[in-house]
Amino acid sequence: METTTNSAASCTNTSRCKIRCTTLSGLHHHLIFKITSSFWHQVLVVGCGNSELSEQLYDVGYKHLTNIDISETVVTHMNQRNVERRPGLTFQQVDATQTPYQDACYQAALDKGTLDAMASEEEGALARNMLTEVGRVLSVGGRYVCVTLAQESVIKLAVEHFVQLGWAVRLHCLQEESGKEEDSFSLPVFVLVCTKFRQPMPAPILEMCLGEDGASRRLTQVSELLSSVREHQAYSVLRKKLRTGTDACSNPSLNLCHAKTGLPRYTLTVQDCSPGAKVPRSNHFGIFIVPQGSETAWLYSSSEGRKQLAASANFRRLVIVALHRNQEFTDMQAVQSELSPMVMDLAPPGMPANQQVPFLSVGGDLGWREEVSRGVSKLSGEYCVENVKGEDGELYRRLVFLSNAALVQSESRLVSSNTTSSHKKKSKKKSKPAAPPTTSSSSLSVDSGFLCCAHHEVMVAGLAMLGLGTPESKDIPVSVLLVGLGGGGLPQFLRDFVPGITVEVVELDAVVLEVAKEWFGFEPDDRLTVTLGDGLERISALDKEGGCLFDVIMFDVDNKDSTVGMSCPPAAFVETSMLQKVCSLLTPRGIFMLNLVCRDSSLRQSVLQRVSAVFPSVLSRKIEGEVNEVLLCSREEKGTSDAARVLPSLNQAAKNLQRALRSDRTGTHRSPHIDIVELLKDLKVE
């Protein structure tokens, strides 16, 4: 298993320094012994310096060593040091870029830090000359074995050199043993092994190996190898940091990838307890396995949620493990066995060597996930549709765009097609995990009366501001313009349960519309229509045409630009000019509803100022446990001084709307699962 760290780390510049002997453990030397493999090999040791490597090789039987260094002082010292104990071990003053030896006379060339020292000289020309000379003196099948810290410019120079010659290249990453980090160097040491072939290989042979005997992973490009090196170096720095200190404010995370495919298999996030927390003495370290399908929940995906989870678990350090989709997991025991060797690298400092580390989970269950469809959208990239079992025991269907796999684009609750919808309300209590469902996907259907997204519920509840459900509004039609379809849950709920309503949905992505129809039971009709196109352009066109007014305009569209601190909506949707067009398209009683997801407080304040400048009355409702909030904006004058009057009046309006929703007009025997009064309790006047 390979590791990919998500936290940034910088590499120390070591190009001018030889690797000290103290950074090389017995594992490094044993690997070199193994690679050279035969006592009868002629071995050239390039830039030997005062390292003990040649002496150790000689002591275990390698008698055919040629040790060279450009320094006369070093050569004299090493000859004097070994004249009595190792009379057959000699050292020669030779320039590694111009050796006097015959072609193909050596079976191995050893380099312990010489490449690192030479690569920065003369823009790499000196190192290239040395590598060319090594290639000349090695015989077919011979190996250049280089111990290096693998600074990117150094390893790139060497690998590209030998790839161009058609040699096979393998890179071993050697980590220090657990428990030695306090005194060890933070960056890992690599051993580069390049093998000379009689005929150059037509395609590069590049392999990455973890440890001495770890399974090798075949790579196709030098850039992939360099990327893997950076990942190992960053992981090593992170590992050193975690083993030598704790930090409750830092939440480093890393991916564990499948050794053969290189695809992410687990994501590990480290959460330390706060300095003042009272943690039992034995609770050093715990591992929490997030059930499949629950990784996007606030408790596991947000920094605040993970802190709450760690406080509840009450360990000095908690590692939260999410299981990736498209990976097979047998059971909890198999996952524990697979993770145990790796997670111990992340243990907090001072943990006893024999400490038992518990694996925690929700009911001892891995959860359940089933992918039912996968495709590609030209606008949004690759997506998948999957069925999951929630922690409440219910089945759900999700649309996820893999460019942002941590975000659920759309979600609907599933019920068996031959049963009626349950009237059970959404519950935060966790039920006892059950076995994977035996019902096939084909016999499941979407419950249109259940809204999985809390902000959708608030948008529906906001319709109470129109005075729906009163005798006076009984025969008055309600028109809605919704920008953003998703799985179609919100517009279908409106059509199915709100009396006298018509909905026009504007959706940019035709693929999303097809997914909604095929997998989320979306069925347009004369009361629910879809316009394919850009929402901004549609609003501008309607404003230009005139004569078409809506009682409600809803924005529920995500921002594909992840660099902006506002993930919903795109910035253009809340520019003053666009807000003015929205206002002009509303009836006198009209309401503008905005799903706002903004982590940048200053940006949020800017949006609120622009919205308030256009709409006299703005109410907000934050979604518990999420960044989302819904703005309910009215054209009617209701200043902050009217808050005491506005909010109580909405309580009665909410009851009226709730009664109107309860009548069944769909013919499907399904009912709306929503509490309008409760949803409007926490409204705030902006």
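Residues numbered from 1 in each chain as written. Predicted model: local features only at pLDDT ≥ 70, side-chain atom pairs only at ≥ 80, totals over all residues. Heavy atoms only, no water.

1. Remarks on the packing of helix H5 (residues 125-137) against helix H6 (residues 152-164)
Working note: a packed helix pair is described by the angle between its axes plus the distance between those axes.
Logical step 1: Relative to each other, H5 and H6 sit at 40°, their axes nearing to 11 Å. Viewed along their axes, H5 and H6 adopt a mutual orientation that is oblique. Between H5 and H6 lies a crossing of right-handed hand. Along its contact with H5, which presents Ala 127, Arg 128, Leu 131 and Thr 132, the element H6 presents Leu 157, Ala 158, His 161 and Phe 162.
Logical step 2: Considering only residue class, the contact of H5 with H6 consists of five nonpolar, two polar and one charged. (Axes fitted to C-alpha atoms, helices over the stretch in contact; angles between N-to-C directions. Helix = DSSP H or I, 4+ residues; strand = E, 2+ residues; numbered from the N terminus. Parallel < 35°, antiparallel > 145°, perpendicular 65-115°, else oblique. Left-handed = near helix turned anticlockwise from the far one by under 90°. Contact = heavy atoms within 4.5 Å. Nonpolar A, V, L, I, M, F, W, Y, C, P; charged D, E, K, R; others polar.)

2. Overview of the packing of aromatic side chains
Logical step 1: Here the structure, examined in full by the defined rule, presents 11 aromatic pairs.
Logical step 2: Ring centres of Tyr 383 and Phe 401 lie 6.3 Å apart, and the angle between their planes is 70°; on these two criteria the pair is classed as edge-to-face. With Tyr 383 in strand S17 (residues 381-389) and Phe 401 in strand S18 (residues 395-401), this pair connects stretches of sequence that are 18 residues apart. For the pair Tyr 383 and Phe 401, a shared accessibility class is recorded, and that class is buried.
Logical step 3: Each ring, one from Phe 555 and one from Phe 573, has its centre 5.2 Å from the other, and the planes form 85°; the classification is edge-to-face. (Phe/Tyr/Trp six-rings, centres within 6.5 Å; stacked < 30°, edge-to-face > 60°. Buried < 20%, exposed > 50% of the residue type's maximum accessible area, 1.4 Å probe, protein only.)

3. What about the sheet that holds strand S19 (residues 410-416)?
Logical step 1: One open sheet accounts for five strands, arranged S16-S17-S18-S19-S20; its pairing is antiparallel. Of all the strands in the sheet, the pair left with one neighbour each is strand S16 (369-377) and strand S20 (444-446). Strand-to-strand, the axes of this sheet are offset by a mean angle of 25°, without reference to chain direction.
Logical step 2: Direction of pairing for S16 relative to S17: antiparallel, over a ladder of eight bridges. Note that in S17 the partner of Ser 373 across the bridge is Val 385. (Pairing = 2+ DSSP bridges.)

4. Some details on the pairing of strand S10 (residues 216-219)
Logical step 1: Here S10 shows one buried face, formed by Arg 217 and Leu 219, and one open face, formed by Ser 216 and Arg 218.
Logical step 2: Across four bridges, the pairing between strand S9 (residues 205-210) and S10 is antiparallel. Bridging from a neighbouring strand, Glu 207 pairs with Arg 218 of S10.

5. Observations regarding the sheet that holds strand S8 (residues 189-195)
Logical step 1: If you walk across this open sheet you meet the nine strands as S4-S3-S2-S5-S6-S8-S7-S9-S10, and the pairing is mixed. Only two strands of the sheet have a single neighbouring strand rather than two, namely strand S4 (91-93) and S10. On average, each strand axis in the sheet is inclined to that of its neighbour by 20°, with strand direction left out of account.
Logical step 2: Bridge analysis of strand S3 (residues 65-69) against S4 gives three bridges, and the strand direction is parallel.

6. Digging into the nonpolar core
Logical step 1: Of all hydrophobic cores here, the largest spans 44 residues; its most connected members are Val 460, Leu 463, Leu 494, Met 554 and Ile 676.
Logical step 2: Ranked by residues supplied to this core, first place goes to helix H17 (residues 643-662) with five residues.
Logical step 3: What Met 554 contacts, discounting residues up to four positions off in sequence, is Met 459, Leu 463, Val 480, Leu 481, Leu 482, Val 483, Leu 490, Leu 494 and Met 593.
Logical step 4: Counting 41 residues, the second-largest nonpolar core is a separate cluster that includes Val 46, Ala 109, Val 163 and Phe 190. (Core = buried A, V, L, I, M, F, W, Y, C linked by side-chain atoms within 4.5 Å.)

7. Quick look at the packing of helix H15 (residues 576-584) against helix H16 (residues 601-614)
Logical step 1: The geometry of H15 relative to H16 is characterised by a closest axis approach of 9 Å and an angle of 35° between their N-to-C directions. Where H15 crosses over H16, the two elements pack in a sense that is right-handed. Between H15 and H16, the residues in contact are Thr 576, Leu 579, Gln 580 and Cys 583 and Arg 610, Val 611 and Val 614, respectively.
Logical step 2: Residue classes in the contact of H15 with H16 are distributed as four nonpolar, two polar and one charged.

8. A look at the pattern of salt bridges
Logical step 1: Taken as a whole and assessed by the stated rule, the structure comprises 28 salt bridges.
Logical step 2: Between Arg 81 and Glu 55 there is a salt bridge whose closest N-O contact spans 2.9 Å. With Arg 81 in helix H3 (residues 72-82) and Glu 55 in helix H2 (residues 53-59), this pair connects stretches of sequence that are 26 residues apart.
Logical step 3: Residue Arg 136 pairs with Asp 103 through a salt bridge whose shortest N-O separation is 2.6 Å. With Arg 136 in helix H5 and Asp 103 in the loop between S4 and strand S5 (106-112), this residue pair connects regions lying 33 residues apart in the sequence.
Logical step 4: Connected via shared salt-bridge partners are Glu 55, Asp 59, Arg 81 and Arg 86. (Salt bridge = Lys/Arg side-chain N within 4 Å of Asp/Glu carboxyl O.)

9. Regarding the confidence of the model for the protein
Logical step 1: Averaged over all residues, the pLDDT of the protein equals 85, while 85% of them reach at least 70.
Logical step 2: Across residues 1-27, where pLDDT falls below 50, the model places 82 contacts with residues more than four positions away in sequence or in other chains.
Logical step 3: Below a pLDDT of 50 lies the segment residues 420-434, which in the model reaches 34 contacts outside its immediate sequence neighbourhood of four places, other chains included. (pLDDT = per-residue confidence, 0-100.)

10. Side note on the pairing of strand S21 (residues 478-483)
Logical step 1: With six of its six residues buried, S21 lies for the most part within the structure.
Logical step 2: Every second residue of S21 is oriented toward a common face, with Val 478, Val 480 and Leu 482 on one face and Ser 479, Leu 481 and Val 483 on the other, all of them buried.
Logical step 3: One ladder, built from six bridges, connects S21 with strand S22 (residues 501-507); its direction is parallel. Bridge pairing in S22 places Leu 481 opposite Glu 504.
Logical step 4: Remark: the S21/helix H12 (residues 489-497)/S22 crossover connection has right-handed handedness.
Logical step 5: Here S21 pairs with strand S24 (residues 550-555) via four bridges, running parallel. Bridged to Val 483 within S24 is Phe 555. (Right-handed = clockwise from strand over helix to strand, strands pointing away.)

11. Here we look at H16
Logical step 1: Taking 1.5 Å per residue, 14 residues should reach 20 Å; H16 reaches 20 Å between its end C-alpha atoms and fits that length.
Logical step 2: Buried residues in H16 make contact with strand S25 (566-568), H15, strand S26 (586-598), strand S27 (617-622) and strand S28 (629-634). (Expected span 1.5 Å × (residues − 1).)

12. Here's the deal with H5
Logical step 1: Taking 1.5 Å per residue as the helical rise, H5 with its 13 residues ought to reach 18 Å, and the 19 Å between its terminal C-alpha atoms agrees with that figure.
Logical step 2: Along H5, the residues that are buried comprise Ala 127, Met 130, Leu 131, Glu 133, Val 134, Gly 135 and Val 137.
Logical step 3: In this fold, the buried residues of H5 make contact with strand S2 (43-46), S5, helix H4 (114-118), strand S6 (138-148) and H6.

13. Remarks on empty space enclosed by the protein
Logical step 1: In the structure shown here, the tally under the stated rule is two cavities of 30 Å³ or more.
Logical step 2: Volume-wise, the second largest cavity comes out at about 50 Å³.
Logical step 3: Along the walls of the second largest cavity sit Val 45, Val 46, Gly 47, Cys 48, Ser 51, Leu 53, Ser 54, Leu 110 and Lys 112, which together make up its complete lining.
Logical step 4: At the level of elements, S2, H2 and S5 are the ones that each hand at least two residues to the lining of the second largest cavity. (1 Å grid on protein atoms, 1.4 Å probe; cavity = no way out; pocket = protein on both sides within 12 Å on 5 of 7 lines; lining within 4 Å. Points joined across faces, edges and corners; volume = space filled by probe spheres on them.)

14. Considerations on unusual backbone geometry
Logical step 1: Residue Pro 569 follows Cys 568 across a cis peptide bond; omega there is -5°.
Logical step 2: Along the polypeptide, Pro 569 turns up in the loop between S25 and H15.
Logical step 3: In the Ramachandran plot, Ala 150 falls in the positive-phi region, its phi being about 60° despite a non-glycine side chain.
Logical step 4: Turning to its location among the elements, Ala 150 is positioned in the loop between S6 and H6.
Logical step 5: Of note in this structure, Asn 326 is not a glycine but carries a positive phi near 65°.
Logical step 6: Looking at the secondary structure, you find Asn 326 in the loop between strand S14 (317-323) and helix H10 (332-343).

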